[in-house]
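Overview (structure and organization)
Listed here are the chains, written in short residue letters.
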Amino acid sequence: MGDVGLAEELAQDALVAALEQWPESGIPDKPGAWLMGTAKHRAIDLLRRRKRLERKQEELGHELLGAQQAMAEREFEIATEEEVGDDLLRLMFTACHPVLSTEARAALTLRLLGGLTTEEIARAFLVSEPAIAQRIVRAKRSLAEARVPFEVPSGAERTARLSSVLEVIYLIFNEGYTATAGDDWLRPELCEDALRLGRILAGLMPAEPEVHGLVALMEIQASRLRARLDRAGEPVLLLDQDRGRWDQLLIRRGLAELGRAEQLGGTLGPYALQAAIAACHARARTPEETDWARIVALYDALAQLSPSPVVELNRAVAVAMAFGPAAGLEIIDELTCEPSLKNYHLLPSVRGDLLAKLDRFDEAREEFERAAALTRNARERKLLLERAARYRTWMATS
């Protein structure tokens, strides 16, 4: 249809029709084809209504509109009856068109394909929810006005859009790995979606080291999913996890992807560097065997390549593990004035952990309570409040 908003409406109409008809008629053998066919017919009806209106308004538009209708009908038939590859990836490249800003590309794709709410996207970008909502509306309008085609671009154009596509896939994975809000700490289905898209992209662009770097990072991170929750569904932090529960198949796949990224040569990009950091954890049989000095060096390289407050926060954790909590706290204290981290719960959470290691328990309790007030995830809030209560009890009995 050449219009993202209109396509959404047609898809929603098809879903409403399914909710109305399937309880009586039963679920069809090919529900996806049924939905596509229903949406197709509604789209064709819309094109025909437009044609009739155009006939009344302007005779000169007849031939053009008829050609557009015929072409649309052929494209819908192809989409319904033939194998067209992964439409999610196709739409992802469409949403990452250069006509949009980088921020708009990521926000729109996350909204359309990632299943994320506007609030979750806002948290991922550390900006306000109204700003993200406006960004998404403007992005849809821009795509419609530019008549951006529904296709995977080729050549140089595809390479130009790659960084935005990688960013989107990574943000989807992160929302699954640690959910922004709700009752669940993990949303494994988002991790699976991101991994699937990453693997498809690696097959599509095998000569791009950062594609392999991102897939490596997600494979290794996903290997820990089972160990990140205890039997009661409560979060388990990295150093407390049972490493015997880490998925060794995913680790091997991740290390292999990292090897491919390194074999392609050149300086490692941001995703490959993060994958190398994850690999340090994956190779350590126990927390004590972790090569924290190498992790610090990798974070130093990452900070040089892609400086950001979040990277600096993670680097502070590595510095604390390698050289002591006081060294890490010095970096953290410099970040407390960073505006973009004002409402970022992990900043007081990390600061509380380092203060506790320095026996500054009352300050640590305050930081954990502040972190709990900032997070919108119920499981994470409970964990933070439990840590705060632990130090409150310790202070009362000491």
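Quick look at the structure, then. (Residues numbered from 1 in each chain as written. Predicted model: local features only at pLDDT ≥ 70, side-chain atom pairs only at ≥ 80, totals over all residues. Heavy atoms only, no water.)

**With respect to the overall build of the chain**
Put simply, the test is: Secondary structure elements follow DSSP: runs of H or I of four or more residues count as helices, runs of E of two or more count as strands, with numbering from the N terminus. Whether a residue is buried, partly exposed or exposed follows from its accessible area with a 1.4 Å probe, protein chains only, as a fraction of its type maximum: under 20%, in between, or over 50%, in that order. Any two residues whose heavy atoms approach within 4.5 Å at even a single point are treated as in contact.
Counting secondary structure elements, the chain contains 18 helices and two strands. By its C-alpha atoms, the chain is 85 × 50 × 40 Å across when sized along the principal axes. For the chain, the residues scored as buried account for 44% of the 398 residues in total. Here the analysis covers contacts within the chain between residues at least 6 apart in sequence; of these, 62% occur between residues at least 24 apart.

**Observations concerning the environment of G324**
Along the polypeptide, G324 turns up in the loop between α14 (309-323) and α15 (325-335). Classification of G324 as buried rests on a relative accessible area of 18%.

**Side note on the pattern of salt bridges**
Worth spelling out the cut-off: A pairing counts as a salt bridge when a side-chain nitrogen of Lys or Arg comes within 4 Å of a carboxyl oxygen of Asp or Glu.
Applying the stated rule across the entire model yields 23 salt bridges. Here D300 ties to R315 by a salt bridge, and the two come within 3.3 Å at their closest N and O atoms. Note that D300 is positioned in helix α13 (residues 292-305) and R315 in helix α14, a separation of 15 residues in sequence. According to the relative accessible area criterion, D300 is partly exposed, its value standing at 32%. Where R351 meets D333, a salt bridge forms, and the shortest distance between an N and an O atom there is 2.8 Å. One end of the pair, R351, is in helix α16 (residues 346-357); the other, D333, is in helix α15, with 18 residues separating them in the sequence. Residue classification places D333 among the partly exposed positions, given a relative accessible area of 31%. Residues joined in a network through salt bridges with shared partners are E120, E175, R187 and E189.

**As for the nonpolar core**
Rules: Among buried residues, those of type Ala, Val, Leu, Ile, Met, Phe, Trp, Tyr and Cys that are joined through side-chain atoms within 4.5 Å constitute a nonpolar core.
Core analysis: the largest hydrophobic core is formed by 97 residues, its most contacted members being M92, L110, I121, F125, I169, L201 and I332. Element by element, the count of residues in this core is highest for helix α8 (residues 155-177), at ten residues. With near-sequence residues (within four places) excluded, I332 lies in contact with L313, A316, L347, V350, R351 and L354.

**Things to note about the packing of aromatic side chains**
Convention followed: Geometry of aromatic contacts follows a simple scheme: Phe, Tyr and Trp rings, the Trp one being its six-membered ring, pair when their centres are within 6.5 Å, and the pair is stacked under 30 degrees between planes, edge-to-face over 60, tilted otherwise. Put simply, a charge is over a ring when the Lys NZ or the Arg CZ is close to the ring centre, within 6 Å, and near the line of the ring normal, within 35 degrees.
If you walk through the whole model with that rule in mind, you get five aromatic pairs. Ring geometry for W22 against W34: centres 5.2 Å apart, planes inclined by 70°, an arrangement best described as edge-to-face. Separated by twelve residues along the polypeptide, W22 in helix α1 (residues 4-25) and W34 in helix α2 (residues 31-57) bring together distant segments of the chain. By way of ring pairs, the aromatic residues F361, F368 and Y391 are connected into one cluster. Between the NZ or CZ atom of R224 and the centre of the ring of W246, over which it lies, the distance is 5.6 Å.

**Focus: helix α12 (residues 270-283)**
Selection criterion: Multiplying 1.5 Å by the residue count of a helix minus one yields the expected span of that helix.
Relative to the 20 Å expected for 14 residues at 1.5 Å per residue, α12 spans 20 Å between its end C-alpha atoms, a close match to the ideal helical length. With twelve of its 14 residues buried, α12 lies for the most part within the structure. The elements touched by buried residues of α12 are α8, α10 (209-222), α11 (248-263) and α13.

**Some details on the packing of helix α6 (residues 118-125) against helix α7 (residues 129-146)**
Threshold: All axes are obtained by fitting lines to C-alpha atoms, using only the stretch in contact for helices, and the reported angles, taken between N-to-C directions, cover 0 to 180 degrees. Orientation is classified from the angle alone, with under 35 degrees giving roughly parallel, over 145 giving roughly antiparallel, 65 to 115 giving roughly perpendicular, and any other angle giving oblique. Under the grouping applied here, Gly and all other residues not named as nonpolar or charged are polar, the nonpolar ones being Ala, Val, Leu, Ile, Met, Phe, Trp, Tyr, Cys and Pro and the charged ones Asp, Glu, Lys and Arg.
One way to put it is that α6 packs onto α7 with a least axis distance of 8 Å and a crossing angle of 110°. Comparing the axis directions of α6 and α7 gives the class roughly perpendicular. Within the contact between the two elements, α6 uses T118, E119, I121, A122 and F125 and α7 uses E129, I132, A133, R135 and I136. Within the contact of α6 with α7, the residues separate by chemical class into six nonpolar, one polar and three charged.

**Considering the packing of α16 against helix α17 (residues 361-374)**
The cut-off we apply is this: Each helix crossing is assigned a hand: it is left-handed if the near helix lies turned anticlockwise from the far helix by less than a right angle, otherwise right-handed if that turn is clockwise.
Where α16 meets α17, the axes come as close as 8 Å, and the angle between the chain directions of the two elements is 160°. As the angle between them shows, α16 and α17 are arranged roughly antiparallel. The interaxial crossing formed by α16 with α17 has left-handed handedness. Only F361, E363, A364, E367, F368, R370, A371 and L374 of α17 make contact with α16, whose side of the interface consists of P348, S349, R351, G352, D353, L355 and A356. Within the contact of α16 with α17, the residues separate by chemical class into eight nonpolar, two polar and five charged.

**Quick notes on the state of the cysteines**
Here, the word disulfide means a covalent bond between the sulfur atoms of two cysteines. Our working definition: Only a pair of cysteine sulfur atoms within 2.5 Å counts as a disulfide in this structure description.
Taken as a whole and judged by the stated rule, the model has zero disulfides. For the unlinked cysteine C96, the closest cysteine sulfur is that of C191, found at 19 Å.

**Thoughts on the environment of L347**
Position of L347 relative to the elements: it lies in helix α16. The contacts of L347, once residues within four sequence positions are left out, are L313, I332, L335, T336 and L341.

**Here we look at the side chain of R161**
The criterion, for reference: By the criterion applied in these results, polar contacts are pairs of N or O atoms within 3.5 Å in which, for protein atoms, one can donate a hydrogen and the other can accept it, and in which residues neighboring in sequence qualify only through two side-chain atoms.
Secondary-structure assignment places R161 in helix α8. A relative accessible area of 2% places R161 in the buried class. Polar contacts involving the side chain of R161 include one to the side chain of E157, which spans 2.4 Å. Excluding anything up to four places from it in sequence, R161 contacts F93, T94, C96, H97, P98 and P153.

**What about unusual backbone geometry?**
Backbone geometry places R147, a non-glycine residue, at a positive phi of 50°. The backbone of D359 sits at a positive phi, close to 65°, despite the residue not being glycine. Mapping D359 onto the fold places it in the loop between α16 and α17.

**Quick look at α14**
Under the 1.5 Å per step criterion, the end-to-end length of α14 is 20 Å for 15 residues, consistent within 8% with the ideal 21 Å. Residues of α14 that are buried: V311, L313, R315, A316, A318, V319 and A320. One or two positions beyond α14, positive phi appears at G324, with a value near 110°.

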